[in-house]
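So you can see what is in the structure, the chains are spelled out below.
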Protein chains: 2
Amino acid sequence: MKANTTQIGRSMPRLEARAKVTGNTEYTHHLKLPGMLYGKIFRSTVAHGRIRSIDVSAARALEGVHSVITGQDILALVPEPYFGPAFLDQPVLALEKVRYVGEAVAVVLASDPHVAESAVQLIDAQYDELPAVFDEIEAMTSEAIVHDVLKPSGTFPDLKHLVGRKNTNIALDYHLKHGNAEKAFAEADHVFEHTFKTQQVMHTPLEPMVSAAEPGDQRLTIYTASQSPSFVRLEIARLLGWQESQVRVKVAHLGGGFGAKLYIKLEALVAVLALLTRRPVKIALTMEEQFYTITKHPTTFRIKSGVNKDGRIIARRCDVWWNGGAYADIGPRVTQKSGFTSGGPYDIENIDIESFALYTNRPPSGALRGFGIPQLVWAYESHTDIIARELGMDTLAIRRKNILREGRPQATGTPMRSAEIELVLERVAARMKWDQPFDRGSGTIRRGRGLAIGYKAVVAPTTSTAMVTIAADGSCILAMSTVDMGQGSDTTMAQIVAEIMDIPAERVRVLNPDTDVTPYDMATLGSRSTYHMGNAVKLASEDARDKLLAMAMDLDLPPETTPVPELFRRKYGMQAGTVVGFGSFVPPYAPPDKTNGQSENITPFWMIGGTGVELAVDTETGHVRIERMINVVDCGTPLNPAIVETQLSGAAIMQIGFSMQEKMELDAGQVTNASFADYKIPGFHDIPPVFENEMVDAHQPGAPFGAKGVGESATFSVSPAIANAIHDAIGLRLTELPMTPESVYRALRILQNKPVEDE
Amino acid sequence: MKANTTQIGRSMPRLEARAKVTGNTEYTHHLKLPGMLYGKIFRSTVAHGRIRSIDVSAARALEGVHSVITGQDILALVPEPYFGPAFLDQPVLALEKVRYVGEAVAVVLASDPHVAESAVQLIDAQYDELPAVFDEIEAMTSEAIVHDVLKPSGTFPDLKHLVGRKNTNIALDYHLKHGNAEKAFAEADHVFEHTFKTQQVMHTPLEPMVSAAEPGDQRLTIYTASQSPSFVRLEIARLLGWQESQVRVKVAHLGGGFGAKLYIKLEALVAVLALLTRRPVKIALTMEEQFYTITKHPTTFRIKSGVNKDGRIIARRCDVWWNGGAYADIGPRVTQKSGFTSGGPYDIENIDIESFALYTNRPPSGALRGFGIPQLVWAYESHTDIIARELGMDTLAIRRKNILREGRPQATGTPMRSAEIELVLERVAARMKWDQPFDRGSGTIRRGRGLAIGYKAVVAPTTSTAMVTIAADGSCILAMSTVDMGQGSDTTMAQIVAEIMDIPAERVRVLNPDTDVTPYDMATLGSRSTYHMGNAVKLASEDARDKLLAMAMDLDLPPETTPVPELFRRKYGMQAGTVVGFGSFVPPYAPPDKTNGQSENITPFWMIGGTGVELAVDTETGHVRIERMINVVDCGTPLNPAIVETQLSGAAIMQIGFSMQEKMELDAGQVTNASFADYKIPGFHDIPPVFENEMVDAHQPGAPFGAKGVGESATFSVSPAIANAIHDAIGLRLTELPMTPESVYRALRILQNKPVEDE
């Protein structure tokens, strides 16, 4: 590495910014293909039932309708039409049973989408209703069984033991044991136990999901707003029994993803429809339909801690129930991969974790910015606050006492390395001026402050590969399958190429993902791209640069100073040729022990996020006004500080929405507020007037130029920091999200009449 | 290399065959882009003139017209809007002058192409006419000067000496000298001199030229039916002053190219129009317009030989004038690269070659299947036949006596290696049963037979690069910029990949050229792809295979027997990952000496083609019926014999058209037969009823699996073999193409009244 970087640490504008503001950006929604049919989906109106009949005759008869396809029609093409990243449980269209209200049952195809939409209204399906279960705790013991038999996919060998399990809604039970928690509880001075809940929310990408498929000669091209083109190729090929090279997946820019656009969403459906009709088929969801497609897990988290008088936590037990909805999607991985941090960033000798992924009759849950971590931090950081108050300690002081320090083993046994937990905590405290007096308000406006800290491992082990092509004039093309969905990955990756090639990043062109063209990447998720793809891009750039140096040496030209055009002219006799560098990266990883979950190296890096909040509560209305929010993260050394800033703000605002206002309301499984009129995401007035971000001074070893991912870190601690501040303001402990004015007001009323147990 | 190949030498059906017959093949003509404007071209009606005025007001006023663009409008965007592969002489639209009838002067743009077409009729241009020159010999001395000053491009350093030359129509004068021809002529027993002429013809690809350009944010994507995507990118970037990575060139399948779709044709025009209008712009030519775009050089070839009594040729002088038309295109390279074989495949101690590329006021001439060789063979093989008859020798015997044999120096001094000239000649003779009696017909139907042999070097040095990507299931994707225009390159290259990777070729997917994706290739021309790209593809495949082997060894798996999916699972923990192999190939080459044109290695390989013909002439009508044609070539070891067969048939039939019927008729520079109604290409009835192809048993060292190019070889000798057979039948020597019934009839009448000199 050069001593002085010119492209790294540069807050350059995004490469695609100009195209976005001038309307030149390519989105899948713009795509029109000759002869294309539009599909509109007919959805289940019952939460759980056997399909008795589907009458599509009136829809088929409507003028302009090309065809109506049901699950039965698909069987002729795909005998086992089930997909999923962890479990092969989800049918392309419902077969025999429906498992949630909103499940896709049939599709109308027409050249005019409005005709298709009208025809959907003419379909009549009859169901024999079955008992349904919606709550994750009830699902543990309910007689309503969502899936007759568990069908883990072959993708993850560690799910093999679940194959064929029957009569259960538990899709995965994850256990981690470190030390002897039961013994330590018996010895502890105090034992605290609380239960926290989170609600079902949705990703609300402003670009709703959209996929199209174009049939070719023994080929299929899928155009999709997906975060995981490589997975889509693999899974569609598997589903069709084809080879990977017969399936091409092309991804344009995304208008947000947040985990909603991972794995298979509409891709299997459009693929099958295109092959059945031999026509290009496109399906674009409405905002409403997104609520029936993928959501964030509701959770129940029962947390129990054994604490000594001095505030030292010596034992912790975590029981977490993840409400996965009707189809597993990546839920079992959330249960497992986030499971092992359930105990929080604390140095606790004795820890027991049990984490359950549950099927229910809700819309499916998957990954949503944070991969389960915000649900966990919500619980353990509210719990920490309660313990401190119960012990009469300062909430910062109890954290300082218990925090996981460099080199100490995390619950899995993996020693913490390059995780600036303490520094993040101290920077939050310093910015909050925690040791100084605080204006607590008066009358009906009471002020409080709170803080919280969370951490996350990255999904491991995963692979990224990249390719850098140098043209004869020295400009570069970067081919990678990382999806730029607004997070700025095209720009930061171009900066890595530029740094290595010693050119301005503006001379690097980044290709949109296209599985025929851009090499394999696991997916754009879980803040993994900067580290994993960044490393692959760096290796590819170095490979290309080394080839140029070797070429210069072959030609007896000075390797460091010969301009690329001159080099190519000398090599090829004219301005011609291409040099290609390739990089492949898989981080070191030690799989956890099957019996106790222990691992020497459970993650290539840790993400740390801390939040400080000052707020005012109107005790007459329950309205909470966040006056100041501070988010501090360890993201290593930022590649592009301006982009990190917007990632931090975006993540925190999103989590403010989930903390304060968003909740999918269900009535017998039917989402009753599936629109932006009823389901309110944060607007400009919900953003705290003082809103600060900080990246602590850090450097991640093994990372490209010391940088690691940051897309999720500012989501971790937002909810408990707010809850802790509310408690600080009015002595009210909220244990369930969202903390709406109504819920604050109601709780306050209960509190004022008869105090709840934990106060 | 494995001892036994399974994929090489396999006459597998073409990979794209099914897509073509089912209508699934992608062609640029199908392309529609949102907001696209169609351009229609207003063309010059005078052959040479200064533009006095262009009145576009009526066209602009027509309802539905978006805009009308002239050369002056382009100057605002591109101050020097001239392009060309050898000379920067061709304006995007005419500026100040027009130089041929049909030259593009203005473009009307409209959303409806029919509106654009109507508006073109409303444009009125006035010219001050200048003297014009159409004949290549007259152009040598004419006072009509087509270009005021010569502007060779920087691409070819060997044209530098021409920069700034004025008052000449000679775009290139090429000289080659070997031995002392003048002295040898004086000593020879006989001296023969004849002059032969060829006519202007057109490539007539059944898919007419089409290009579209789509403006992006500081980017431009060009969709074009081009044989040279890498060149288009480079030249458009140069023209705009952009970097290469800002220009993307995408090529679909081509419906024939034959050299017509090389370099810049419509690409500069659509690029500029798209940038001026900020709209996608498409221009698709009609068949008629192709006649005004690029053609084959008319030539005059004066050939003189000094021959001893025994038939040994001891001296030869060749003077060749190439009629390049108004813009040089690649004409100067034809003059030079084909020039050095003007003396034929004969072992002649003393040889002088002079070859001139000339500007005239005809539509431009470029490369057409054979790159000038058929014009040369026409002359030297007719000449050889005349010499044999004059000396009373058998025409086969004189060739046997003089032929260039293995290791003997060619005119440039390069020793002939792996050039099966003799074997090709002998196989033609054997198939013709040359030593056996022949039915000569009777009455008004006279039969004759003839043979001829020609050879060609390949353009050198040029570069090809390729990339092979292996998916986790072992299927492969080949990324290369070779354009499949019907010659089957996708299939043969896939066979090379498959052979190295030890999989069926059907598991290889070949990407269409796309300069963002498929690495550099010089162009698809001159039968260079099998050898150059074949080598690059082989190197890329070997690189990929070696990486797999290394991966297996790293993992302690048996390298030869571990299946790819297993290897990837072990490496990446799941079915994931990509392995990419890269190959770059530039053949060895010795540039010719500047003073005498001598070189030790002028070409990486030689192509040889011989033709035998039996025909009948109707002396009452002049109609020539080719009853049997045999084409024998040395193409090394064929990769896919079925594809070679169709290449040979196609090339020979095309040359039959140029020999017997095709000719662009000009009246004051105006092509008067620019339609398939008037300009007849061969139909089924023109194909000889007995039509045989043979590939001699050969192996090209340094070539992929011994294979070399074959797209042109069967064009070389067709014309003189027919002419020699006509002479054999009726004693009539034709020296000018085409040999239409009318020309035969007229010549026969002249012959019957007063015999011409050489009979």
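No experiment lies behind these values; they were computed from the predicted model shown.

> How do you make sense of the overall build of chain A when you look at a structure like this?
In terms of regular secondary structure, chain A is built from 19 helices and 30 strands. For a compact globule of 759 residues, the expected C-alpha radius of gyration is about 27 Å, and chain A comes in at 27 Å, within 12% of that figure. Dimensions along the principal axes, computed over C-alpha positions, put chain A at roughly 80 × 75 × 50 Å. Residues counted as buried form 60% of the 759 residues belonging to chain A.

> Please explain the relation of the copies chain B and chain A as it appears in this structure.
One copy of the chain maps onto the second through a rotation around an axis plus a translation along that axis. Taken as rigid bodies, chain B and chain A are interconverted by a rotation of 180° and an axial shift of 0.0 Å, the fit giving an RMSD of 0.0 Å. Each copy turns onto its partner about a two-fold axis. Closest to the rotation axis within chain B is the C-alpha of Val517 of chain B, separated from it by 3.1 Å. A high fraction, 98%, of the interface residues of chain B reappear at the interface in chain A, so the copies pair face to face through one surface.

> Hey, could you run me through the interface of chain B and chain A in this one?
Interfaces are often described in size by the accessible area the parts lose on coming together. Counting from both sides, the interface comprises 44 residues of chain B and, opposite them, 43 residues of chain A. Of all the secondary structure elements, the ones that give two or more residues to the side of chain B that touches chain A are helix H1 (17–21), strand S22 (464–470), strand S23 (476–480) and strand S25 (579–585) of chain B. Tallied by class, the residues present in the side of chain B that touches chain A amount to 20 nonpolar, 16 polar and 8 charged.

> Which parts of the structure should I look at to understand the nonpolar core?
One recurring pattern in soluble globular proteins is that nonpolar side chains are buried together. In this structure, Leu478, Val497 and Ile726 of chain A together with Leu478, Val497 and Ile726 of chain B are the most contacted members of the largest nonpolar core, which totals 502 residues. Leave out the neighbours within four places in its chain, and Leu478 of chain B touches Ala466, Val468, Met493, Ala494, Val497, Val508, Val510, Leu511 and Val537 of chain B.

> Whenever I open this one, the environment of Lys32 of chain A confuses me. Can you help?
Residue and element names in this part refer to chain A. By secondary structure assignment, the location of Lys32 is in the loop between helix H1 (17–21) and strand S1 (37–43). Overall, Lys32 belongs to the exposed group, with 11 C-beta atoms counted inside 10 Å. Separated by 88 residues in the primary sequence, Lys32 and Val120 place their C-alpha atoms 22 Å from one another.

> What's the story with the packing of helix H14 (residues 489–501) of chain B against helix H15 (residues 529–554) of chain B in this structure? I'm lost.
Residues and elements named next belong to chain B. Packing of H14 against H15 brings their axes to within 9 Å, and their N-to-C directions diverge by 30°. Every pair of crossing elements has a handedness; the one defined by H14 and H15 is right-handed. Where H14 abuts H15, its residues Ser489, Thr492, Met493, Ile496, Val497, Ile500 and Met501 lie against Ser529, Thr530, Met533, Gly534, Val537, Lys538, Ser541, Glu542 and Arg545. When its residues are assigned to classes, the contact of H14 with H15 shows 7 nonpolar, 6 polar and 3 charged.

> How should helix H11 (residues 373–391) of chain B be read in this particular structure?
Two residues of an α-helix separated by three or four positions point the same way, owing to the 3.6 residues in each turn. Residue and element names in this part refer to chain B. In this model, H11 (19 residues) spans 26 Å end to end at C-alpha, consistent with the 27 Å of a helix rising 1.5 Å per residue. Along H11, 16 of the 19 residues are buried, which leaves the element largely enclosed by surrounding structure. One or two positions beyond H11, positive phi appears at Gly392, with a value near 70°.

> Teacher, can you tell me more about unusual backbone geometry here?
Of note, the bond from Ala460 of chain B into Pro461 of chain B is cis; its omega dihedral lies within 30 degrees of zero at -10°. On the secondary structure map, Pro461 of chain B appears in the loop between strand S21 (445–457) and S22. A cis amide bond links Leu737 of chain B with the next residue in sequence, Pro738 of chain B, at an omega value of -5°. With respect to the helices and strands, Pro738 of chain B occurs in the loop between helix H18 (718–730) and helix H19 (741–753). Phi at Arg278 of chain A is positive, roughly 55°, even though this residue is not glycine.

> Which parts of the structure should I look at to understand helix H17 (residues 641–660) of chain A?
Here H17 of chain A is 20 residues long and its end C-alpha atoms lie 28 Å apart, about the 28 Å a rise of 1.5 Å per residue gives. The element H17 of chain A is largely enclosed, with a buried count of 14 among its 20 residues.

> When you look at the environment of Ser142 of chain A in this model, what are you seeing that I'm missing?
For Ser142 of chain A, the location among the structural elements is in the loop between helix H5 (136–141) and strand S9 (170–178). Once you skip the residues sitting within four places of it in the chain, Ser142 of chain A turns out to touch Val133 and Asn169 of chain A.

> Honestly, the sheet that holds strand S18 (residues 350–358) of chain A in this entry has me stumped. Any pointers?
Residue and element names in this part refer to chain A. Strands sit in the order S9-S18-S17-S16-S10 across an open sheet of 5 strands; the sheet is mixed. Looking at strand neighbours, the two that pair on one side only are S9 and strand S10 (190–198), the edges of this open sheet. For this sheet the average axis-to-axis angle between neighbouring strands, irrespective of direction, equals 5°.

> Sorry if this is basic, but what is going on with the pairing of strand S17 (residues 313–323) of chain A here?
Residues and elements named next belong to chain A. Counting buried positions along S17 gives 10 out of 11 residues, so the element sits mostly inside the fold. In this sheet, S17 lies alongside strand S16 (residues 299–307) in antiparallel orientation, the contact comprising 9 bridges. Its bridge partner lying in S17, Val307 is registered against Ile313. Linking S16 back to S17 in an antiparallel pair, the connection comprises 5 residues, with Gly311 at a positive phi of about 95°.

> What's the story with the sheet that holds strand S30 (residues 690–695) of chain A in this structure? I'm lost.
Strands in a sheet are paired, the pairing made by backbone hydrogen bonds, and the direction either parallel or antiparallel. All names here are of chain A. Taken together, the 5 strands give an open sheet; going across it, the order is S20-S21-S26-S27-S30, and neighbouring strands pair in mixed fashion. Strand pairing shows two members of the sheet lacking a second neighbour, strand S20 (441–442) and S30, which therefore form its edges. Sheet analysis places S20 next to strand S21 (residues 445–457), joined by 2 bridges and oriented antiparallel. Bridge pairing in S21 places Ser442 opposite Ile445.

> What is the right way to look at the environment of Val633 of chain A in this model?
Residues and elements named next belong to chain A. Within the secondary structure, Val633 sits in strand S27 (residues 624–634). Note on Val633: 30 C-beta atoms within 10 Å, which makes it buried. Through-space distance from the C-alpha of Val633 to that of Glu742 is 32 Å; in sequence the pair is 109 residues apart. If we ignore the near neighbours within four places in the chain, the residues touching Val633 are Val424, Ile608, Gly609, Leu648, Met695, Val710, Ser713 and Ala714.

Cut-offs applied
- Residues numbered from 1 in each chain as written.
- Chains lettered and ligands numbered in written order.
- Predicted model: local features only at pLDDT ≥ 70, side-chain atom pairs only at ≥ 80, totals over all residues.
- Helix = DSSP H or I, 4+ residues; strand = E, 2+ residues; numbered from the N terminus.
- Rg over C-alpha atoms; globule rule 2.2 N^0.38 Å.
- Buried ≥ 20, exposed ≤ 12 C-beta atoms within 10 Å, placed from the backbone.
- Least-squares fit on C-alpha atoms with pLDDT ≥ 70 in both.
- Contact = placed C-beta atoms within 7 Å.
- Nonpolar A, V, L, I, M, F, W, Y, C, P; charged D, E, K, R; others polar.
- Core = buried A, V, L, I, M, F, W, Y, C linked by C-beta atoms within 7 Å.
- Axes fitted to C-alpha atoms, helices over the stretch in contact; angles between N-to-C directions.
- Left-handed = near helix turned anticlockwise from the far one by under 90°.
- Expected span 1.5 Å × (residues − 1).
- Pairing = 2+ DSSP bridges.

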